[in-house]
Amino acid sequence: MRAVLFVVALYALASASAVRADPPKVVPVVFAVTDNDWRDRNLMESIREALSRTPSFNLMAKITPEALVITVPDGFGRDGHEDDTKYSFMAMFFRNGEKIGESQEGCKAKALPDCANQIAADAQSAADVVK
């Protein structure tokens, strides 16, 4: 009988904490890249798609004070041609105008989704720093 009461008490506590838990926070994110080179379009679109798929992100076009802003200030470095192209770039993460992190990335054209997913993971880490 005591074991049953203990289990019931545990369920009651778990239910009470689940009710009190704050809902997950959705972070507005702006991928503010002005690189207009058509050769970088696939990489930029892959990054936007990865950010859009991140459940705690709301990808936006306009920068707001609470937005996590991702920039690539030096643009995308590129070496090679077509499928053999290797990209390298530095992504920087800002919130309220303050730099909160950076990420050095490198990937081949054949692996753009992997590179984009890494940027999304790095952006999530940056967003977690300032929650």
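See the structure above.
As the structure is a computational prediction, the values presented were derived from the model and not from experiment.

Caption draft 1: Quick look at the layout of surface pockets. Size it by volume and the largest pocket reaches roughly 290 Å³. Lining the largest pocket we find 13 residues, and of these W38, R39, E82, T85 and Y87 sit closest to its centre. When its residues are assigned to classes, the lining of the largest pocket shows 4 nonpolar, 4 polar and 5 charged.

Caption draft 2: The arrangement of the nonpolar core in detail. One finds F31, L43, I47, L51, L68, F76 and F89 to be the most contacted residues of the largest nonpolar core, which totals 27 residues. The biggest single contributor to this core is helix 3 (residues 112-129), with 8 residues.

Caption draft 3: Expanded view of the side chain of D37. Counting through the fold element by element, D37 comes out in the loop between strand 1 (27-31) and helix 2 (41-53). In terms of polar contacts, D37 uses its side chain to reach the side chain of R78, at 3.2 Å.

Caption draft 4: Looking closely at the pairing of strand 5 (residues 86-95). Relative to strand 5, strand 3 (residues 68-71) is paired through 4 bridges, and the arrangement is antiparallel. What sits directly across from T71, in strand 5, is M92. Here strand 4 (residues 77-79) runs beside strand 5; their pairing, made up of 3 bridges, is antiparallel. Across the sheet, residue R78 finds its bridge partner in strand 5, namely Y87. Strand direction decides the pairing type here: strand 5 and strand 6 (residues 98-108), joined by 10 bridges, are antiparallel.

Caption draft 5: View of the side chain of S103. Here S103 shows up in strand 6. Accessibility expressed as a relative area gives 8% for S103, which makes it buried. Of note is the side chain of S103, whose polar atom sits 2.4 Å from the side chain of E105.

Caption draft 6: Broad picture of helix 2. If you check helix 2, its first and last C-alpha atoms are 18 Å apart, about what 13 residues at 1.5 Å a residue would give, namely 18 Å. Buried within helix 2 we find L43, M44, S46, I47, A50 and L51. The buried residues of helix 2 occupy an angular sector of 160 degrees when the element is viewed end-on, so they sit on one face. Facing away from the buried side of helix 2 by more than 90 degrees, the exposed set consists of N42 and R53. Those residues of helix 2 that are buried are in contact with strand 1, strand 2 (57-60), strand 3, strand 5, strand 6 and helix 3.

Caption draft 7: Expanded view of unusual backbone geometry. The phi torsion at N96 lies on the positive side, around 55 degrees, for a residue other than glycine. Tracing the backbone through its elements, the reader meets N96 in the loop between strand 5 and strand 6.

Caption draft 8: Spotlight on the pattern of salt bridges. Counted by the stated rule, this structure contains 5 salt bridges. With its nearest N and O atoms 3.2 Å apart, the salt bridge here joins D37 to R78. With D37 in the loop between strand 1 and helix 2 and R78 in strand 4, the pair connects residues that are 41 residues apart, well separated along the chain. The exposure class of R78 is partly exposed, given its relative accessible area of 29%.

Thresholds, definitions, all that
Residues numbered from 1 in each chain as written. Predicted model: local features only at pLDDT ≥ 70, side-chain atom pairs only at ≥ 80, totals over all residues. Heavy atoms only, no water. 1 Å grid on protein atoms, 1.4 Å probe; cavity = no way out; pocket = protein on both sides within 12 Å on 5 of 7 lines; lining within 4 Å. Points joined across faces, edges and corners; volume = space filled by probe spheres on them. Nonpolar A, V, L, I, M, F, W, Y, C, P; charged D, E, K, R; others polar. Core = buried A, V, L, I, M, F, W, Y, C linked by side-chain atoms within 4.5 Å. Buried < 20%, exposed > 50% of the residue type's maximum accessible area, 1.4 Å probe, protein only. Helix = DSSP H or I, 4+ residues; strand = E, 2+ residues; numbered from the N terminus. Polar contact = N/O pair within 3.5 Å; in protein donor to acceptor, adjacent residues only side chain to side chain. Pairing = 2+ DSSP bridges. Expected span 1.5 Å × (residues − 1). Arc of directions from axis to C-beta. Contact = heavy atoms within 4.5 Å. Salt bridge = Lys/Arg side-chain N within 4 Å of Asp/Glu carboxyl O.

So far we have only geometry, and geometry alone does not tell us how the molecule works.
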